[in-house]
Amino acid sequence: MDKFIAHILVVDDDDGIRSLVKKYLNENKFLVTTAENAENALERIKIIKFDLIVLDIMMPGKSGLEFLKENKKKLDTPVILLTAKGETNERVEGLEIGADDYLPKPFEPKELILRIQNILNKTIKTDQKRVIEFENVKIDLNKLLIFKSNKEFKINATEKTILEKMINKPGKTFSREDIGQLINLNKERSIDVIITRLRKKIEIDPKNPKFLQTIRGAGYVLWIE
């Protein structure tokens, strides 16, 4: 990330959290814009191209999940959700919609920094063109797009990381633990949600996958040869 200054949008209705996160991100050489609610956030993303969004789920008016649901398709911006400890269903829904990661409150600012850097390291690297085609599917890892049956699907940084690893080793079974270490996520349910989301973009019949298959008791494998 040398010479690269990432611009982060922090969306939270809590003035104290907003100020604390902005201060800590600034100290770690990030450029930061803040918004106190979903409406303010939308105004900002209309005029600024952010590198990542830190988004609180529970906000008055429009929630973070509603904001994400309405705008994720228009964005190619990674999103980290800030969630309360008991919001398990909301975290899963956020991942289903397309969030890249989540962090339960209260959290250590250093952990937020590490998660941000982890995602940005995945999205910034564009060393070589990577386009993979098999049957009626084309995956463009640089553009973060999947083309299937004349339809276009966006993939996020987390999905790209998983696909890239599996594409490099077709036929290899990856356990949930392998995938969790790869994307810095240790919740099996959350990993299953991400795989389900990928199947919807790759498979003709996601309920009967041909390419991204489950190996019972072992994990997941990508068959593209």
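Everything numeric here is computed off the predicted structure, so don't read it as measured data.

Draft legend 1. Focus on the packing of aromatic side chains. Going through the model one piece at a time under the given rule, you end up with zero aromatic pairs. For Lys172, the ring lying beneath its charged end belongs to Phe174, and the centroid distance is 5.4 Å.

Draft legend 2. Geometry of the pairing of strand β2 (residues 31-35). Both strand β1 (residues 7-11) and β2 contribute to a ladder of five bridges, which runs parallel. Paired with Val10 across the two strands is Thr34, which belongs to β2. For the crossover that starts at β1, traverses helix α1 (residues 15-27) and ends in the parallel β2, the hand is right-handed.

Draft legend 3. View of the sheet that holds strand β3 (residues 52-56). What the five strands build is an open sheet, ordered β2-β1-β3-β4-β5; its pairing is parallel. The open sheet has two edge strands, β2 and β5 (101-105), and neither has a second partner. Recorded for the sheet is a direction-independent mean angle of 20 degrees between the axes of neighbouring strands.

Draft legend 4. Spatial organisation of the sheet that holds strand β9 (residues 151-154). Strand order across the open sheet formed by four strands is β6-β7-β8-β9, with antiparallel pairing between neighbours. Since the sheet does not close on itself, it has two edges, and those belong to β6 (131-134) and β9, each with one partner. With strand direction ignored, the average angle separating the axes of adjacent strands in the sheet is 15 degrees. Of the pairings in the sheet, the one linking β6 to strand β7 (residues 137-140) comprises four bridges and is antiparallel in character. Counted as the bridge partner of Glu133 is Lys138 from β7. Relative to the sheet, helix α8 (residues 188-202) contacts β6, β7, β8 (145-148) and β9, its axis offset from that of β8 by approximately 45 degrees.

Draft legend 5. View of unusual backbone geometry. Note that the residue after Lys105, namely Pro106, is joined by a cis bond; omega there is -10 degrees. Position of Pro106 among the secondary structure elements: in the loop between β5 and α5 (109-124). One non-glycine residue, Lys29, adopts positive backbone phi at about 70 degrees. For Lys29, the location among the structural elements is in the loop between α1 and β2. For Lys29, a relative accessible area of 66% translates into the label exposed. Even without being a glycine, Asn150 presents a positive backbone phi close to 65 degrees. With respect to the secondary-structure elements, Asn150 resides in the loop between β8 and β9. Since its relative accessible area comes to 85%, Asn150 is described here as exposed.

Draft legend 6. Local environment of the pattern of salt bridges. Within the structure shown, the criterion is met by twelve salt bridges. Two residues, Asp56 and Lys105, come together in a salt bridge whose shortest N-O distance is 3.0 Å. Of the two residues, Asp56 sits in strand β3 while Lys105 sits in strand β5, which places them 49 residues apart along the sequence. Classification of Asp56 as buried rests on a relative accessible area of 4%.

Draft legend 7. Representation of the side chain of His7 within the structure. The residue His7 is located in strand β1 in this model. Side chain to side chain, His7 and Thr33 meet in a polar contact 2.7 Å long. Beyond its immediate sequence surroundings of up to four residues, His7 is in contact with Leu31, Val32, Thr33, Ile48, Phe50, Asp51 and Leu52.

Draft legend 8. The nonpolar core, seen in detail. Core analysis: the biggest nonpolar cluster contains 48 residues, and Leu55, Leu81, Ile139, Leu163 and Ile179 have the highest contact counts within it. For this core, the leading source of residues is α8, giving six residues. With 19 residues, the next largest nonpolar core counts Ala6, Leu25, Leu82 and Leu120 among its residues.

Draft legend 9. Main features of the packing of helix α3 (residues 64-71) against helix α4 (residues 88-97). With their axes 10 Å apart at the nearest point, α3 and α4 run at an angle of 15 degrees to one another. Relative to α4, the element α3 lies roughly parallel. Our pair here, α3 against α4, has a crossing hand that is left-handed. Every residue of α4 that contacts α3 at Leu65, Leu68 and Lys69 is listed here: Glu90, Glu93, Gly94 and Ile97. A class-by-class count of the residues in the contact of α3 with α4 yields three nonpolar, one polar and three charged.

Rules and cut-offs
Residues numbered from 1 in each chain as written. Predicted model: local features only at pLDDT ≥ 70, side-chain atom pairs only at ≥ 80, totals over all residues. Heavy atoms only, no water. Phe/Tyr/Trp six-rings, centres within 6.5 Å; stacked < 30°, edge-to-face > 60°. Lys NZ or Arg CZ within 6 Å of the ring centre and 35° of its normal. Pairing = 2+ DSSP bridges. Helix = DSSP H or I, 4+ residues; strand = E, 2+ residues; numbered from the N terminus. Right-handed = clockwise from strand over helix to strand, strands pointing away. Axes fitted to C-alpha atoms, helices over the stretch in contact; angles between N-to-C directions. Contact = heavy atoms within 4.5 Å. Buried < 20%, exposed > 50% of the residue type's maximum accessible area, 1.4 Å probe, protein only. Salt bridge = Lys/Arg side-chain N within 4 Å of Asp/Glu carboxyl O. Polar contact = N/O pair within 3.5 Å; in protein donor to acceptor, adjacent residues only side chain to side chain. Core = buried A, V, L, I, M, F, W, Y, C linked by side-chain atoms within 4.5 Å. Parallel < 35°, antiparallel > 145°, perpendicular 65-115°, else oblique. Left-handed = near helix turned anticlockwise from the far one by under 90°. Nonpolar A, V, L, I, M, F, W, Y, C, P; charged D, E, K, R; others polar.

All quantities given are derived from atomic positions and should not be read as evidence of function.
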